[in-house]
Number of protein chains: 2
Amino acid sequence: MRRLYHFPLSPFCRKIRIVMAEKKLQFELVEEPAWERRPAFLALNPAGEVPVLIEPDGEALADSQAIAEYLEELEPEPPLLGRHPRERAEIRRLVNWFDRKFCTEVTDNLVGEKVMGRLVHKTGPDSRAIRAGHANIGVHLDYIGFLVERRNWLAGDRLSIADITAAAHLSCVDYLGDIPWDDYEEAKVWYARIKSRPSLRPLLADLVPGMPPAKVYADLDF
Amino acid sequence: MRRLYHFPLSPFCRKIRIVMAEKKLQFELVEEPAWERRPAFLALNPAGEVPVLIEPDGEALADSQAIAEYLEELEPEPPLLGRHPRERAEIRRLVNWFDRKFCTEVTDNLVGEKVMGRLVHKTGPDSRAIRAGHANIGVHLDYIGFLVERRNWLAGDRLSIADITAAAHLSCVDYLGDIPWDDYEEAKVWYARIKSRPSLRPLLADLVPGMPPAKVYADLDF
């Protein structure tokens, strides 16, 4: 069986967990505190980051987008990367929007500070980072609203890795209760649709010890 | 003809310029000071970043990796993304190594501070960032050496987008003369090979006004 080294509140790991669930692939989860930099883990991924996917023959694959593209090539159904070059370009543009832009502007400032700061650096969050994360989130929720007013899903007619990547980041921030959903109705309706998919159910049961999720986190009627 | 909105010392734009040159695609370059946030440019890419590729029919594509994958699908020869799923996973892992890890640890600290700081924020570089950039670069040059001791190119037997992405970032840092090549012999031999390719020649003629390149920058025998 495939094995995925992960951390519950890593959006990059969540992306792969959702992709594998959508494709009905069986896998075993192994929690890896990557910040401890275990030599055996660094041998799997010299970048020292989760996710790392171990294939049944023992081959280790690293980097969430490399893994997502690999799974798409091996298991094309259901297609999560579009069927035509321009569709795929739009999906990949939005994947990087969330994995780079949203991550730097929001996820790192909120999840990075509140969760990783506490687990790794044993410090309280930097209040400037928290303020920046809150200040930045609205632009992204507006952009989601803009897209889903024009399209069924973020990148087009079908659910794609763009939606999955966005939901992976937003769900980590939502664990902290830091998303002002009621001010962003279109984004909320989109998130309610993806949140209710069976592929997200295991994520909604995630629990970081000593840090229970916000009340809205697992609620499908938030 | 295709048109590429770019900035000379953007590694993400350089990646696309090299890919198009390797594939012998004709294109016109348009310099875009993305930090000025021209409304007409934001309409092409709401992320406000270069590169943006305009196709002959007027369609705009954004995000360097989305563009690189799109060009690979449209113009598969020569193949720059490998031929098999695991080869491609390794290439994409290394692309993200340079576009995320190297970029955050080195490019942003050196090129970001010295060039963009001056052009955009009209300030001198932050000396802590410069020190961090210099401190971080060795690990990456060692890793390049580690890879090319085992493989012909970074990700395998053939030149790939992994080499192109690495060269795109390194060439921006090299413009500043900030790479201690003589301490990293294997990385230097690899860079000399890619630097001498015709696809890199236009980059070696780049010139940022008021900021001439280091003496070694365009020298093939550095």
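Residues numbered from 1 in each chain as written. Chains lettered and ligands numbered in written order. Predicted model: local features only at pLDDT ≥ 70, side-chain atom pairs only at ≥ 80, totals over all residues. Heavy atoms only, no water.

A. Representation of the relation of the copies chain B and chain A. When chain B is fitted to chain A, the residual RMSD is 0.0 Å, and the transformation amounts to a turn of 180° plus an axial shift of 0.0 Å. The transformation relating the two chain copies, once decomposed into turn and shift, fits a two-fold axis. The position closest to the rotation axis in chain B is occupied by the C-alpha of B:R100, lying 4.1 Å away. By residue overlap, the copies meet face to face through one surface: 100% of the interface positions of chain B are interface positions in chain A. (Least-squares fit on C-alpha atoms with pLDDT ≥ 70 in both. Contact = heavy atoms within 4.5 Å.)

B. View of the domain arrangement of chain A. All names here are of chain A. Examined at the domain level, chain A breaks down into domain 1 (2–74) and domain 2 (85–204). Relative placement of domain 1 and domain 2: their C-alpha centres are 20 Å apart. Counting from both sides, the interface comprises 17 residues of domain 1 and, opposite them, 24 residues of domain 2. With both sides pooled, the region where domain 1 packs onto domain 2 buries about 1900 Å², and carbon together with sulfur makes up 72% of that total. Summed over the three residues of domain 1 that lose the most area to domain 2, namely L9, R14 and I18, the buried surface amounts to 33% of that side. Taken together, the links from domain 1 to domain 2 amount to 3 salt bridges. One salt bridge connects R92 with E69, and the closest N-O pair in it is separated by 2.7 Å. On inspection of domain 1 and its partner domain 2, the count reaches 5 residue pairs in polar contact (both at pLDDT 80 or more). (Domains from an automatic or database assignment. Buried area = accessible area lost by both parts, 1.4 Å probe. Salt bridge = Lys/Arg side-chain N within 4 Å of Asp/Glu carboxyl O. Polar contact = N/O pair within 3.5 Å; in protein donor to acceptor, adjacent residues only side chain to side chain.)

C. Inspection of the sheet that holds strand 3 (residues 52–54) of chain B at higher detail. Residues and elements named next belong to chain B. Spatial ordering of the open sheet is given by 2-1-3-4, a layout of 4 strands whose pairing is mixed. Of all strands in the sheet, those with a lone pairing partner are strand 2 (27–31) and strand 4 (60–62), marking the two edges. Put simply, the sheet's adjacent strands are angled 25° from each other on average, direction ignored. Across 3 bridges, the pairing between strand 3 and strand 4 is antiparallel. Bridge pairing in strand 4 places L53 opposite L61. (Pairing = 2+ DSSP bridges. Helix = DSSP H or I, 4+ residues; strand = E, 2+ residues; numbered from the N terminus. Axes fitted to C-alpha atoms, helices over the stretch in contact; angles between N-to-C directions.)

D. Expanded view of the pattern of salt bridges. Going through the model one piece at a time under the given rule, you end up with 46 salt bridges over all chains. Note that A:R92 and B:E73 form a salt bridge whose closest N and O atoms lie 3.2 Å from each other. Residue A:R92 is found in helix 4 (residues 85–121), and its partner B:E73 is found in helix 3 (residues 64–74); the two belong to separate chains. On the basis of relative accessible area, A:R92 is assigned to the buried category, the value being 6%. A salt bridge links B:R128 to B:D126, with the nearest nitrogen and oxygen atoms 3.2 Å apart. Judged by relative accessible area, which is 60%, B:R128 ranks as exposed. The class of B:D126 is partly exposed, set by a relative accessible area of 29%. Via salt bridges that share partners, A:E69, A:E73, A:R88, A:R92, B:E69, B:E73, B:R88 and B:R92 belong to a single interconnected network. (Buried < 20%, exposed > 50% of the residue type's maximum accessible area, 1.4 Å probe, protein only.)

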